[in-house]
Amino acid sequence: MMSLNKSMDDRSIQQPKSTTIVKYEKSSCLFCNEWFDAQTFTEHLIHCGQVLEQCPNSCNVFIPRIRMRSHLKECQRGNHQQKMQRLTASMERLDQFADHRVQVLEQDISTIRSVLNEEIRQRLHLITDVGNIRKNNHVVEDWTRVTDDCIAELRQQLNEERAQRTFATEQNQVDFQYCCSITQSLKEQLEKKMNDLQQHINQLSSDVSFHQNHLNDNIMKLEEIVFENERINQDKFVRIEQFLQEINEDIKTKLGSTVLSTSKQATLDYEVKNVKSIMCETEERCDKLQSIIQDLDKTLHQTMQSIADIENQLAMQQRIASVQNIRGHLIWRIKDYSKKLEEAKQYDTILHSAMFSNKAFGYALRLDIYLNGKGTWKGRNLIACLNVLSGEYDPLLTWPCRLQAEIIIRDQSGIALEAQDYVKTIYVRKKSDDYIQTNQYFHIPHKVITSRNYLRNDSLFVEVRVLK
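Residues numbered from 1 in each chain as written. Predicted model: local features only at pLDDT ≥ 70, side-chain atom pairs only at ≥ 80, totals over all residues. Heavy atoms only, no water.

Peer 1: What's the story with the overall build of the chain in this structure? I'm lost.
Peer 2: What the chain contains, in helices and strands, is seven helices and 14 strands. Evaluated residue by residue, the chain yields a buried proportion of 24% over its 468 residues. Considering only contacts in the chain between residues 6 or more positions apart, those separated by 24 or more positions represent 60%. Approximately 33600 Å² of the chain is accessible, and the part contributed by carbon and sulfur atoms is 53%. (Helix = DSSP H or I, 4+ residues; strand = E, 2+ residues; numbered from the N terminus. Buried < 20%, exposed > 50% of the residue type's maximum accessible area, 1.4 Å probe, protein only. Contact = heavy atoms within 4.5 Å. Areas by Shrake-Rupley, 256 points an atom, 1.4 Å probe, with all protein chains shown as cover.)

See the structure below:
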């Protein structure tokens with residue numbers, strides 16, 4: 001039996017694995033040739049009626065089990081010769097039957113071996129499947145545990161996120177109320193400043209009107225004085241001409257009287273000198289009056305520009321609490337460039353851009369341009385600077401202020417690939433909102449502006465980009 005198991009084990013080990021499994025589900029009985037399941041085959045052999053059994057009367061006859069009773073009724077003991085013959089015949093038949101039965105048993109043993117091998121193979125498959133199922137169960141348990149941990153962590157994160165959002169919502173409500181109160185206070189301050197500026201503008205308008213009326217009166221008086229001096233000078237010229245004619249007539253009639261002619265000549269020279277001095281004084285007075293008129297005209301223009309700047313400042317103050325341009329990017333179109341350049345040459349005017357900011361709630365910025373230059377650059381260049389103005393959010397900002405910006409003169413060629421913009425980099429620094437800014441100016445020659453397509457339809461586009 002051990003050798004059989006060993007051989008079966010060796011066969012099971014040596015036998016290569018195959019994807020096709022042969023399974024014998026039924027076996028045939030050697031006596032009745034009927035087919036039975038592997039579970040009921042052994043029990044059938046015990047109770048099968050066709051199994052040969054020896055006669056208990058020692059007649060040496062093998063009778064099927066189902067006919068044993070009838071044989072016992074008919075069985076009679078013979079003589080010894082008959083018994084020996086029968087025994088011999090029975091032994092021969094038994095030997096034949098034994099040989100046949102051994103062959104059948106060998107076939108059955110091989111069948112049983114194959115069945116056992118198949119059963120062992122199936123058991124191995126079942127054991128492998130059970131192991132895989134256990135591994136899968138372990139994996140599922142691990143995955144379930146990890147999933148439960150993840151779900152618990154997610155729930156904790158959700159609770160924390162919910163608490164943070166609740167806190168953020170409450171904080172936003174508080175900030176919103178604070179912003180509303182600040183906005184209300186800024187609105188009140190702005191209204192107060194607007195009222196003060198309106199009063200100041202009204203006062204300046206009345207002062208300008210008074211100075212303008214006074215200037216008009218002085219101009220009229222100066223014109224009257226000039227006309228009076230011109231009339232007096234004309235009268236003097238007429239009298240001098242008459243006097244010269246009289247002298248000439250006297251000279252012609254009295255050529256003999258040398259002493260009288262000499263005295264008259266001296267008197268004439270003296271009168272001529274007086275007339276020349278009066279003319280020089282009149283010319284000097286006219287020049288002074290002309291310079292005074294020019295200064296008054298310049299002062300009047302500057303006063304009007306100051307009023308316009310104050311009005312622009314008032315408009316800026318109205319928008320200072322909520323600056324629209326908060327991206328640090330400005331494109332400024334300067335219209336009527338030629339006219340404004342002539343005004344800058346005559347009155348030294350300054351152009352101010354709209355106010356913008358480098359970011360939301362950032363520094364208040366403005367670009368100032370001198371079209372005719374300034375100082376040593378006057379007459380040949382355009383001078384500009386970027387100013388940091390006083391803003392509403394200065395107490396919340398970082399000081400000193402350090403910014404870098406690009407000033408770009410846009411090329412208006414209309415073809416993007418051929419356009420060549422003129423770029424200047426400028427650094428803006430201011431110590432604090434209480435200190436006056438030391439401006440850094442940059443110049444652009446007039447010949448550059450008039451070149452290419454920077455100036456078109458008497459308009460100039462200036463772009464400002466705040467880099468940091």
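Peer 1: Would you mind showing me how to read the pairing of strand β14 (residues 459-466) here?
Peer 2: Consecutive side chains along a regular strand alternate between the two faces of the sheet. Most of β14 is tucked away, with six of its eight residues classed as buried. Pairing between strand β5 (residues 329-334) and β14: six bridges, direction antiparallel. Residue pairing across strands places Ile334 opposite Leu460, the latter belonging to β14. When strand β10 (residues 401-409) meets β14, the two strands line up antiparallel, connected through five bridges. (Pairing = 2+ DSSP bridges.)

Peer 1: Honestly, the nonpolar core in this entry has me stumped. Any pointers?
Peer 2: One recurring pattern in soluble globular proteins: nonpolar side chains tend to sit buried together. Judged by nonpolar contacts, the single largest core of 34 residues is most densely connected at Leu365, Leu367, Ile369, Leu371, Leu382, Leu460 and Val462. Per-element accounting of this core gives the leading share, five residues, to β10. (Core = buried A, V, L, I, M, F, W, Y, C linked by side-chain atoms within 4.5 Å.)

Peer 1: What am I meant to see in the confidence of the model for the chain here?
Peer 2: For any part of a model where pLDDT is low, the fine detail of the predicted coordinates should not be relied upon. For the chain, per-residue confidence averages 77 on the pLDDT scale, and 84% of positions sit at 70 or higher. No element of the chain has a lower mean pLDDT than helix α1 (residues 2-14), at 42, and none a higher one than β14, at 94. (pLDDT = per-residue confidence, 0-100.)

Peer 1: Which parts of the structure should I look at to understand the side chain of Asn387?
Peer 2: The residue Asn387 is located in strand β9 (residues 381-389) in this model. Residue Asn387 is classed as buried on the basis of its relative accessible area, which comes to 9%. Filtering out sequence-adjacent residues up to four positions away, Asn387 remains in contact with Ala364, Leu365, Arg366, Asp368, Gln437 and Asn439.

Peer 1: So what exactly am I meant to see when it comes to the pattern of salt bridges here?
Peer 2: Using the criterion set out here, one finds ten salt bridges in the structure. Put simply, Arg123 and Glu119 hold a salt bridge, and the shortest N to O gap is 2.9 Å. Here the residue Arg123 and the residue Glu119 both occupy positions in helix α4 (residues 80-253), the gap between them amounting to four residues, near one helical turn. Look at Glu119 and you get partly exposed, because its relative accessible area is 31%. Where Lys378 meets Asp348, a salt bridge forms, and the shortest distance between an N and an O atom there is 3.0 Å. One end of the pair, Lys378, is in the loop between β8 (364-370) and β9; the other, Asp348, is in the loop between α6 (337-347) and β6 (351-352), with 30 residues separating them in the sequence. Accessibility expressed as a relative area gives 39% for Lys378, which makes it partly exposed. (Salt bridge = Lys/Arg side-chain N within 4 Å of Asp/Glu carboxyl O.)

Peer 1: Help me out: how do you make sense of the packing of aromatic side chains in this one?
Peer 2: The geometry of an aromatic ring pair is captured by the separation of the ring centres together with the interplanar angle, meaning the angle of the planes. Applying the stated criterion across every chain yields a total of three aromatic pairs. Pairing Phe361 with Tyr393 gives two aromatic rings, centres 5.1 Å apart and planes at 85°, and the pair type is edge-to-face. Taken as a pair, Phe361 in the loop between β7 (356-357) and β8 and Tyr393 in the loop between β9 and β10 lie far apart in primary sequence, 32 residues in all. (Phe/Tyr/Trp six-rings, centres within 6.5 Å; stacked < 30°, edge-to-face > 60°.)

Peer 1: When you look at α6 in this model, what are you seeing that I'm missing?
Peer 2: Every buried residue belonging to α6 is among Tyr337, Leu341, Ala344 and Tyr347, and all of these are buried. Across the axial projection of α6, the buried residues extend over an arc of 155°, all falling on one side. Positive phi shows up at Asp348, right after α6, with a value of about 55°. (Arc of directions from axis to C-beta.)

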